[in-house]
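A look at the structure
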Amino acid sequence: MARELSVQQELQKNLPGLSGQVHPEMSVEAKRSNRYYLPLHRSGLKLSIPDEWNEIPDVDESLHDPVFIKVLRDHGLPVRSKVPLVSRYSRGSRWSREEFEECLAAWKRSLPLTHISAAVNRNPQDIIFRLMDHCRTNAIPFSQSGLQGSARRWTDSVRAVSAELFENGLTAWRIAVLFHVDFELVEKTLFKSRDGYGHVKKNPFAICTTHKRLANEQILRSNPQYLQNVLDAYSGFGEFASIVSSVCPDAEITSIERDSDTFRIASERRFTPNHQWRHSDCASVMKQLLANGEKFTCIDLDPFVTCHEEIPLALKLLDQNSLLCITLGGEYRRSFIGSNRKAILRRYGFNGGAMDNTQYLENMPHYFLGHVAMVATGENVEFEVLKSVRYANCCRFWLRCHRESKEQVRVWCEQQVDQDEHGYRWKLLRLPKFAEIRSEFAETAVTKHHPKRIDAVLEGINAPDNI
């Protein structure tokens, strides 16, 4: 636990006066409806989840889709699985009371979720949500047991076969059962290693939405004075940079993109002469820029998963008066996974492990912004929130930043941030869902045609390079 709390302990050095204050609005007992509020009916089903993996029987080969049988045989592997190997979006069966009770009993015996999923042929995420609702109703802490030997079985050859199965439509959790591996490990590995990760429509982690572009353009057009020298980290196809160029054609822009295919497509587009591209990871480039003494009047951090490593670097690179745009990405959306919550605790000092998923999603952004404020304080930077929006799978913050004296920033932070048992919390944050504020945004010539250009590029169709 000492290692996981290191972020909180380190940040507290900046503001030793913030300690032990419990925020009055924060309570894990907040009222809400359970995700699965309809009662389950008894079906007469007789079900027993064995404690040993080998006691779960393999299903008949006739239940597998032929494409997955072929992939396994092409790799010289036997076709043996404890669940049917069927493609994505296959229709699930209705839950029964007996089935959930047996899953609950297995969870209480500390059986791993991959094990339970294999025994009942259920998506472990579905099981997690039901268990979390049960835990909330009965005031029981929710936790998960790891699958012993999982990392050892997740070899390079197994990952290669899994990637091929995944691209052919087999869900990650079924792959986890097939190879007796923890499903969280499989999901993270397969999604992250997929070509064009986050840029291709079929990827559920894609967060480059029309809605976010609308908000970006509104903010940038309202604050052109900050577009002199722009750092577009996690640039993707250059959408943020395109908006900057349309608002301020003379802006100096540096774009960073790590994915090779995305970088190639983006760099072939016609941008302004004062726009340079870097094919590398964001942290490496930002460290180099910092060593060169560079400063930026606008920095955009728009990751698909996380930018926790780049936040301190961005705050160091900000000019005296500047704009900082930050996305809380896929790590936020997948907070129901236990290992993700531990990672968020390490990264941002937010300890919300006992909260159910809805409470966690509602409160985590407040603590994320509190963490940013604490890091900013160490760099003598204060900020005001121009806008914040909660999208379907991420949160986005637009911050107007100023460098001030150490004492002034310390006072600012004490006014804006509370510390309680969950971490550092930004006191007053209005975080509406996009649907609640959509009327504020007007589609312009730039954003209206953006999505069509992206789809055209992905499909290899000739599309306008300048927008």
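Residues numbered from 1 in each chain as written. Predicted model: local features only at pLDDT ≥ 70, side-chain atom pairs only at ≥ 80, totals over all residues. Heavy atoms only, no water.

Attention shifts here to helix H17 (residues 357-378). With 22 residues, H17 should cover 32 Å at 1.5 Å per step; its first-to-last C-alpha distance of 31 Å lies within 8% of that length. The largest bend in H17 amounts to roughly 35 degrees and is located at Asn363, with the proline Pro365 lying one to four residues further along. Buried residues dominate H17, accounting for 19 of its 22 residues. Count one or two residues on from H17 and you reach Asn380, which has phi positive near 60 degrees. (Helix = DSSP H or I, 4+ residues; strand = E, 2+ residues; numbered from the N terminus. Expected span 1.5 Å × (residues − 1). Bend = angle between axes of the 7 residues up to and from the residue. Buried < 20%, exposed > 50% of the residue type's maximum accessible area, 1.4 Å probe, protein only.)

Attention now goes to the confidence of the model for the chain. When pLDDT is averaged along the chain, the result is 81, and 81% of the positions lie at 70 or above. Considering each helix and strand of the chain separately, the mean pLDDT is smallest for helix H21 (residues 450-458), with a value of 39, and largest for helix H14 (residues 310-317), with 97. Predicted confidence is poor over residues 1-12, with pLDDT under 50, and the contacts of this stretch with residues over four places away or in other chains come to 25 contacts. Low confidence marks residues 444-467, where pLDDT is under 50. Its contacts with residues over four positions away, or in another chain, come to 37 contacts. (pLDDT = per-residue confidence, 0-100. Contact = heavy atoms within 4.5 Å.)

Next up on the list: the sheet that holds strand S1 (residues 229-233). One open sheet holds the seven strands; their spatial order is S3-S2-S1-S4-S5-S7-S6, and the pairing between them is mixed. Here the strands that pair on one side only, and so sit at the sheet edges, are strand S3 (275-279) and strand S6 (381-390). Across this sheet, the average inter-strand angle for adjacent strands is 15 degrees, counted without regard to direction. Where S6 lies against strand S7 (residues 395-403), nine bridges are found, and the strand directions are antiparallel. Paired with Phe383 across the strands is Cys401, a residue of S7. Contacting S1, strand S4 (296-301), strand S5 (318-328), S6 and S7, H14 crosses the sheet at an angle of about 160 degrees to S5. (Pairing = 2+ DSSP bridges. Axes fitted to C-alpha atoms, helices over the stretch in contact; angles between N-to-C directions.)

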